[in-house]
There are 2 protein chains.
Amino acid sequence: MGMTEALRDVAVIGGGMTVFGKFPERTHESLGREAMLAAMKDAGIKPKDVGFASCGTVYGGWCVGQRMLKEVGISDMEFLNVENACASGASAFREAWLRVAAGQCDIAIAGGVESMTTSPVAGKLIPPPPDDVDGQLGLTVPMFFALMMRRHMHEYGTTPEQFARVSVKNHDNGCLNPYSQYQRRLTVEDILASRMVCDPLSLLQCCPNSDGAAAVVLCANEVARRFTSTPMVVAASILGSGDYLHKWEDATFSNMSHKAAMAAYEMAGIGPKDIDVVELHDAFTVAEIMHYEDLGLCSKGEGGRFIDSRGPWLDGTLPVNPSGGLLSKGHPLAATGVAQVVEVWRQLRGGAGKIQVSGAKTALTHVMGGYVSGLESGAISVHIFKI
Amino acid sequence: MGMTEALRDVAVIGGGMTVFGKFPERTHESLGREAMLAAMKDAGIKPKDVGFASCGTVYGGWCVGQRMLKEVGISDMEFLNVENACASGASAFREAWLRVAAGQCDIAIAGGVESMTTSPVAGKLIPPPPDDVDGQLGLTVPMFFALMMRRHMHEYGTTPEQFARVSVKNHDNGCLNPYSQYQRRLTVEDILASRMVCDPLSLLQCCPNSDGAAAVVLCANEVARRFTSTPMVVAASILGSGDYLHKWEDATFSNMSHKAAMAAYEMAGIGPKDIDVVELHDAFTVAEIMHYEDLGLCSKGEGGRFIDSRGPWLDGTLPVNPSGGLLSKGHPLAATGVAQVVEVWRQLRGGAGKIQVSGAKTALTHVMGGYVSGLESGAISVHIFKI
């Protein structure tokens, strides 16, 4: 290897996103255009400045990125659509990072877009194919997470109330974020009393289907100060995929998230104690509790006590998902990973408004995506940023 | 910029593919597994050697690559699905190239897969959305190419027989390639008498819908000789996208193909006269004639005379599409760009059997993809290889 050292430093110089929500009247192009224009305006760049563009989508159909970019005047450069299920947005971001880092261009834009409301597939119950052994056994995504939740309760005494508090926190945060799909406070009682999806996982512990888009402009760090006085440096970019479930020794611990986070810390030359703010993949309450542990934000088995300590709260020692996360802000699949970068870009510049984490200088974003029979998951991505 | 010089040389060390055809009983996973296993066997690598994998698909659905790789024992490494319409396979190849070139890993695998037969979308007439001005005017893909064909006839006196001869040549070649969907010789008369799709473009001048998969193993050139005595070096890798149609000055000339080819020649440090064999995107007969010209294989307006000269025939001065091309070998969208690399890998090693181009040492592959309203096309890719 040894070449990674030769890669250039890359900085984020602008970001934009739509409000997340249900917009049955809006196309992928309309959502993407709004986010792309906002990101380009924020960065102070023109369409002709863009040397590479990537777009993540799961349900947007072919050449969705080209359709979006055409609307904002970007054409005639290198372009790529990427898909890695819920990690599609982070994958698009990483592509743009790699292009700039490897000297293929100086300025790149990464977008993510999803219109789950208008998709004929998204959010529908799709019968598993005959060779999907897990699916034939009923192991859909909520079922997997319900099993992990039950096991976490058994192993570590984590309580239903502790899991519910993750959703309370994230909805509290969402009420302060104008980009959040949900703008309502919930109590532990509301959450535990909501319809049971897969025992012990109730409806208000599962993220919604959402529509939305986000975009980020990246630049070679050596020229970033032409565009902004506060470039946000990409300190680590990691993309991985899951290993076989039969190798999984501990159902309370995501090994793929742990490995990706450790690789990211090594690349950034820092540890979890150095992180000021985290946006992580809380597709379910149990996922956030597990990711506290596998990302090293607290010790193994301590996730329940960490949420009780108010550590991950907005005013806590390490705020997690100040945006409202997937649970409250919403989860337009491929938009999520890019929107996380927009969120931390605002945080590290001190422009996050009511969800500002005071004095935040270092941030971590984390997504995992893609239920694939026999694998822990399809894709995992962790990024670390510094200002 | 300047960083490109710091990228490592990358070589192809193995390739594999399925026969192209109509396989309604086969899944994407089944097709992909066959190609991946063949490529890994050809390269002499094990699943654990793979540090990065990419997969191109248009209609395969989310995480199709992960589903394929799982079947061949590859997991727990960086993985990306990409989509760029008919250029998806070339885009997947370029991703693998860039990962190795930028030192992210030493060995990577790139795949492309499509099952158009089983897709509920592929090959169906989809009504254009209301904001697709071209589509609302009836400008579907064959219509565009029929207009270009008519204009080429008007400007340069190219004859229906000359266009038909492209299909004769490619079907002749397909009869010699066991991987070709069609194994039948056609005459100019057969082709001109076939059903009219869009005047003057008849059915046997249009590529078919196909199923198939292909895969290629890439390796840092500095270690390639551990695996093969004949590594095929990637001399150029270019991916671009189209410009706005309203800027298009000449309907007989693909500016995006020309620009990509010129960039590839510059990167490889050679010119079209140095190329020994070409696999190009003959989605329609007129496309092959135009690409002779825009890739610089003959002069502008001379495409008709070039096919008459037998230059691009298997025994000609510069064989084009010895595989049979899209017209005869078939066009399983995302598989095509990867399969082109497998074809030239066999050519440059002298293992192409009855379609062997004698003494071939340098090859060019070309795909373009994605009809997007208002743009010439969505994506273009040119690669050059040397042995």
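Residues numbered from 1 in each chain as written. Chains lettered and ligands numbered in written order. Predicted model: local features only at pLDDT ≥ 70, side-chain atom pairs only at ≥ 80, totals over all residues. Heavy atoms only, no water.

Trainee: Can you lay out the overall build of chain A for me, pointing to particular residues and giving the numbers?
Mentor: A tally of helices and strands in chain A yields 13 helices and 11 strands. For chain A, whose C-alpha radius of gyration is 19 Å, the value lies close to the compact-globule estimate of 21 Å for 387 residues. With the C-alpha coordinates aligned to their principal axes, the bounding extent of chain A is approximately 55 × 45 × 45 Å. Expressed as a percentage of the 387 residues in chain A, the buried residues total 66%. Put simply, 78% of the contacts in chain A that link residues at least 6 apart link residues at least 24 apart. For chain A, the exposed surface amounts to about 13000 Å²; the carbon and sulfur share of it is 54%. (Helix = DSSP H or I, 4+ residues; strand = E, 2+ residues; numbered from the N terminus. Rg over C-alpha atoms; globule rule 2.2 N^0.38 Å. Buried < 20%, exposed > 50% of the residue type's maximum accessible area, 1.4 Å probe, protein only. Contact = heavy atoms within 4.5 Å. Areas by Shrake-Rupley, 256 points an atom, 1.4 Å probe, with all protein chains shown as cover.)

Trainee: Go over the relation of the copies chain B and chain A with me, naming the residues and quoting the values.
Mentor: For the pair chain B and chain A, the relating rotation is 180°, the translation along its axis is 0.0 Å, and the fit reaches an RMSD of 0.0 Å. Such values leave the two copies arranged in the relation of a two-fold axis. Measuring from the rotation axis to each C-alpha of chain B, the shortest distance belongs to B:Val82, at 2.2 Å. (Least-squares fit on C-alpha atoms with pLDDT ≥ 70 in both.)

Trainee: For the interface of chain B and chain A, give the residues involved together with the corresponding values.
Mentor: Contacts between the two partners involve 54 residues from chain B, matched on the other side by 54 residues from chain A. When the two sides are added together, the surface that chain B and chain A hide from each other amounts to roughly 4600 Å², 50% of it contributed by carbon and sulfur. Counting every contact that joins chain B to chain A gives 6 salt bridges. The salt bridge partner of A:Arg94 is B:Glu78, with a shortest N-O separation of 2.8 Å. In this structure, the connection of chain B to chain A is made through 34 residue pairs in polar contact (both at pLDDT 80 or more). The leading source of residues in the side of chain B that touches chain A is helix H3 (residues 88-101) of chain B, at 7 residues. For the side of chain B that touches chain A, the residue count by class is 26 nonpolar, 16 polar and 12 charged. (Buried area = accessible area lost by both parts, 1.4 Å probe. Salt bridge = Lys/Arg side-chain N within 4 Å of Asp/Glu carboxyl O. Polar contact = N/O pair within 3.5 Å; in protein donor to acceptor, adjacent residues only side chain to side chain. Nonpolar A, V, L, I, M, F, W, Y, C, P; charged D, E, K, R; others polar.)

Trainee: Requested: an account of the packing of helix H6 (residues 160-174) of chain A against helix H10 (residues 285-294) of chain A, with residues and values cited.
Mentor: Residues and elements named next belong to chain A. The geometry of H6 relative to H10 is characterised by a closest axis approach of 8 Å and an angle of 95° between their N-to-C directions. On the basis of the axis angle, H6 is roughly perpendicular to H10. Side by side, H6 and H10 meet where Gln 162, Phe 163, Val 166, Ser 167, Lys 169 and Asn 170 of the first sit next to Thr 285, Val 286, Glu 288, Ile 289 and Tyr 292 of the second. Along the lines of polarity and charge, the residues of the contact of H6 with H10 split into 5 nonpolar, 4 polar and 2 charged. (Axes fitted to C-alpha atoms, helices over the stretch in contact; angles between N-to-C directions. Parallel < 35°, antiparallel > 145°, perpendicular 65-115°, else oblique.)

Trainee: Tell me what's going on with unusual backbone geometry, and back it up with residues and numbers.
Mentor: Between A:Asp199 and A:Pro200 the backbone carries a cis peptide bond, its omega angle lying at 5°. Relative to the helices and strands, A:Pro200 resides in the loop between strand E5 (196-198) and strand E6 (201-202). For A:Asn321, which is not glycine, the phi dihedral falls at a positive 55°. On the secondary structure map, A:Asn321 appears in the loop between helix H11 (303-308) and helix H12 (325-328). A positive phi angle, near 60°, is found at B:Asp76, a position not held by glycine. Relative to the helices and strands, B:Asp76 resides in the loop between helix H2 (64-72) and strand E3 (78-83).

Trainee: How would you sum up the domain arrangement of chain A? Please name residues and give values.
Mentor: Residues and elements named next belong to chain A. Looking at chain A, the domain boundaries give domain 1 (4-121 + 210-234) and domain 2 (133-208 + 236-386). The straight-line distance from the C-alpha centre of domain 1 to that of domain 2 is 23 Å. Taken together, the 46 residues of domain 1 in the interface contact 39 residues of domain 2. Summing the contributions of domain 1 and of domain 2, the shared interface buries around 3300 Å²; its carbon and sulfur component is 71%. On inspection of domain 1 and its partner domain 2, the count reaches 1 salt bridge. Here Asp 42 makes a salt bridge to Arg 349, at a shortest N to O gap of 3.6 Å. Broken down by secondary-structure element, the contributors of at least two residues to the side of domain 1 that touches domain 2 are strand E1 (10-17), helix H3 (88-101), strand E4 (107-115), strand E7 (211-220) and strand E8 (232-240). (Domains from an automatic or database assignment.)

Trainee: Tell me what's going on with the environment of A:Leu139, and back it up with residues and numbers.
Mentor: Residues and elements named next belong to chain A. Checked against the element boundaries, Leu 139 lands in the loop between helix H4 (133-136) and helix H5 (141-156). The exposure class of Leu 139 is buried, given its relative accessible area of 15%. Put simply, Leu 139 and Met 77 are 62 residues apart on the chain and 43 Å apart in space, counted from C-alpha to C-alpha. Look past the residues within four positions of Leu 139 in its chain and what remains in contact with it is Asp 134, Phe 144, Leu 147 and Tyr 371.

Trainee: I'd like a description of helix H8 (residues 255-268) of chain B, backed by residues and values.
Mentor: All names here are of chain B. The first and last C-alpha atoms of H8 sit 20 Å apart over 14 residues, in line with the 20 Å expected at 1.5 Å per residue. Residues of H8 that are buried include every one of Met 256, Ser 257, Ala 260, Ala 261, Ala 264, Tyr 265 and Ala 268, and no others. The buried residues of H8 occupy one face: seen down the axis, they fall within an arc of 165°. The inward-facing, buried residues of H8 abut strand E8 (232-240), helix H9 (285-294), strand E10 (362-369) and strand E11 (379-386). (Expected span 1.5 Å × (residues − 1). Arc of directions from axis to C-beta.)

Trainee: Before we move on, can you summarise the pairing of strand E11 (residues 379-386) of chain A with the specific residues and values?
Mentor: Residue and element names in this part refer to chain A. Most of E11 sits inside the fold, with 7 of its 8 residues counted as buried. Sheet analysis places E8 next to E11, joined by 7 bridges and oriented antiparallel. Residue pairing in the sheet places Val 233 in a bridge with Lys 386 of E11. Inspection of the sheet shows strand E10 (residues 362-369) paired to E11 by 8 bridges, in the antiparallel sense. From the neighbouring strand, Thr 365 faces E11, where its bridge partner is His 383. (Pairing = 2+ DSSP bridges.)

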